[in-house]
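These are the residues of each chain, in order.
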Amino acid sequence: MTAQNKAEEIVKGLKDLQQRLSKIFEMAESEQDFDTAHERLRRWKERAVRFIRENVSDKEANILEQTELGSFIAGEVLHNLGREMSLYDGILRALVEEVEEDPSILAQANVSQQAQTTHSRVSGERAATRQYVFIVHGRNHTVRDKIDLYLTKDLRLHTQVMQAGPHLGRTLPEKFEEMANICQFAVFILTADDALIEESSGRRIKRARQNVILEIGYFWGALGRRGKIAFLVESDPEMELPSDIQGIGWIPITQDLAETKMQLHRELKVAGLVR
């Protein structure tokens, strides 16, 4: 078998793994049996790691094996499952592209005797190069979920969602500090969650949740403003922004999010997180 034929065979196997991954999510969504879905995913991952180790390299197999979802959103099992699968799908998609562009990487296959040392080295490399984006949001979980999946699946970034992680006995400032240390960028989703009546004028106004404003202040101070943060703001005529934010360029949340995603991609590109 020629090197080209071997590469085509492996690409076919990787794409088959991607299709099986999508099928697991579809079954979980229709059956709502998440225990079975997690078991299917566990078995799929073992099979995928084994396939990559046997046909590509230990290094690539270790990357998939060590990848896991860093945070979970309480009570949203299907969303968490989709985020985890998006991470795996991104790894397979990148590997397919590499094999198609440069079949010579297959020369690293079948070096299992180096697995343990490679495992430790790759772990350190991945920890140093992984790009995290922190997401602050209010009550609009639809927008949050779509932006989260866009960042993880389409742009292959890793996200941290504030409400998702456990407190583990930490105060909020301590939790903010830990997240700020691993995140290179923050996305603030400001939606019209709280409706109020201004006492002096009787005017009806809408504001973002107060926890969102608090977290904006912390990450603004920790990361700095230029090239490190992006504001996504709901287009509502009654929406009122804090005065410190009004003078800053922000991205409107459009109905289909197409324009929103395009502008967010531009900000992430300037920040050096995506191409």
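Quick notes on the rules
Residues numbered from 1 in each chain as written. Predicted model: local features only at pLDDT ≥ 70, side-chain atom pairs only at ≥ 80, totals over all residues. Heavy atoms only, no water. Helix = DSSP H or I, 4+ residues; strand = E, 2+ residues; numbered from the N terminus. Buried < 20%, exposed > 50% of the residue type's maximum accessible area, 1.4 Å probe, protein only. Contact = heavy atoms within 4.5 Å. Areas by Shrake-Rupley, 256 points an atom, 1.4 Å probe, with all protein chains shown as cover. Pairing = 2+ DSSP bridges. Axes fitted to C-alpha atoms, helices over the stretch in contact; angles between N-to-C directions. Parallel < 35°, antiparallel > 145°, perpendicular 65-115°, else oblique. pLDDT = per-residue confidence, 0-100. Expected span 1.5 Å × (residues − 1). Arc of directions from axis to C-beta.

Trainee: Explain the overall build of the protein to me, and be specific about the residues and the numbers.
Mentor: Helix and strand content of the protein: 10 helices and seven strands. When the 275 residues of the protein are sorted by exposure, 45% land in the buried category. Taking the intrachain contacts of the protein between residues at least 6 apart in sequence as the baseline, contacts between residues at least 24 apart amount to 70%. Carbon together with sulfur atoms contributes 48% to the accessible area of the protein, which is approximately 14,700 Å² in total.

Trainee: Can you tell me about the sheet that holds strand β6 (residues 229-234), naming the residues and giving the values?
Mentor: Taken in spatial order, the five strands make up an open sheet running β2-β1-β3-β6-β7, and their pairing is parallel. In this open sheet, the two edge strands, each paired with only one partner strand, are β2 (158-161) and β7 (251-253). Neighbouring strand axes in the sheet, compared pairwise and without regard to direction, differ in orientation by 25° on average. Taken together, the five bridges between strand β3 (residues 185-190) and β6 define a ladder with parallel strand orientation. Each residue of the ladder has a partner; that of Val187, found in β6, is Ala230. Relative to the sheet, helix α8 (residues 210-223) contacts β1 (132-136), β3 and β6, its axis offset from that of β3 by approximately 155°.

Trainee: Describe the packing of helix α1 (residues 3-31) against helix α2 (residues 34-55), naming the residues involved and giving the relevant values.
Mentor: Relative to each other, α1 and α2 sit at 175°, their axes nearing to 10 Å. With respect to each other, α1 and α2 are oriented roughly antiparallel. In this structure, α1 contributes Lys6, Ile10, Gly13, Leu14, Asp16, Leu17, Arg20, Leu21, Ile24, Met27, Ala28 and Glu31 to the contact, and α2 contributes Phe34, Ala37, Arg40, Leu41, Trp44, Arg47, Ala48, Phe51, Ile52 and Asn55.

Trainee: Which residues make up the confidence of the model for the protein, and what values go with them?
Mentor: For the protein, per-residue confidence averages 79 on the pLDDT scale, and 79% of positions sit at 70 or higher. Mean pLDDT across the elements of the protein bottoms out in helix α5 (residues 115-129) (42) and peaks in helix α10 (residues 258-270) (93). The low-confidence segment residues 108-129, where pLDDT is below 50, has 28 contacts with residues more than four positions distant or belonging to other chains. In this model, residues 165-169 is a region of pLDDT below 50 whose contacts with residues beyond four sequence positions or in other chains number six contacts.

Trainee: Talk me through α10; I want residue IDs and the actual numbers.
Mentor: Between its first and last C-alpha atoms α10 spans 19 Å; for 13 residues at 1.5 Å apiece the expected length is 18 Å, and the two agree. Looking at α10, one finds that the buried residues are Thr260, Gln263, Leu264 and Leu268. All buried residues of α10 lie within an arc of 145° about the axis, which places them on one face of the element. Of the residues one or two after α10, Gly272 is the one with positive phi, at around 85°.

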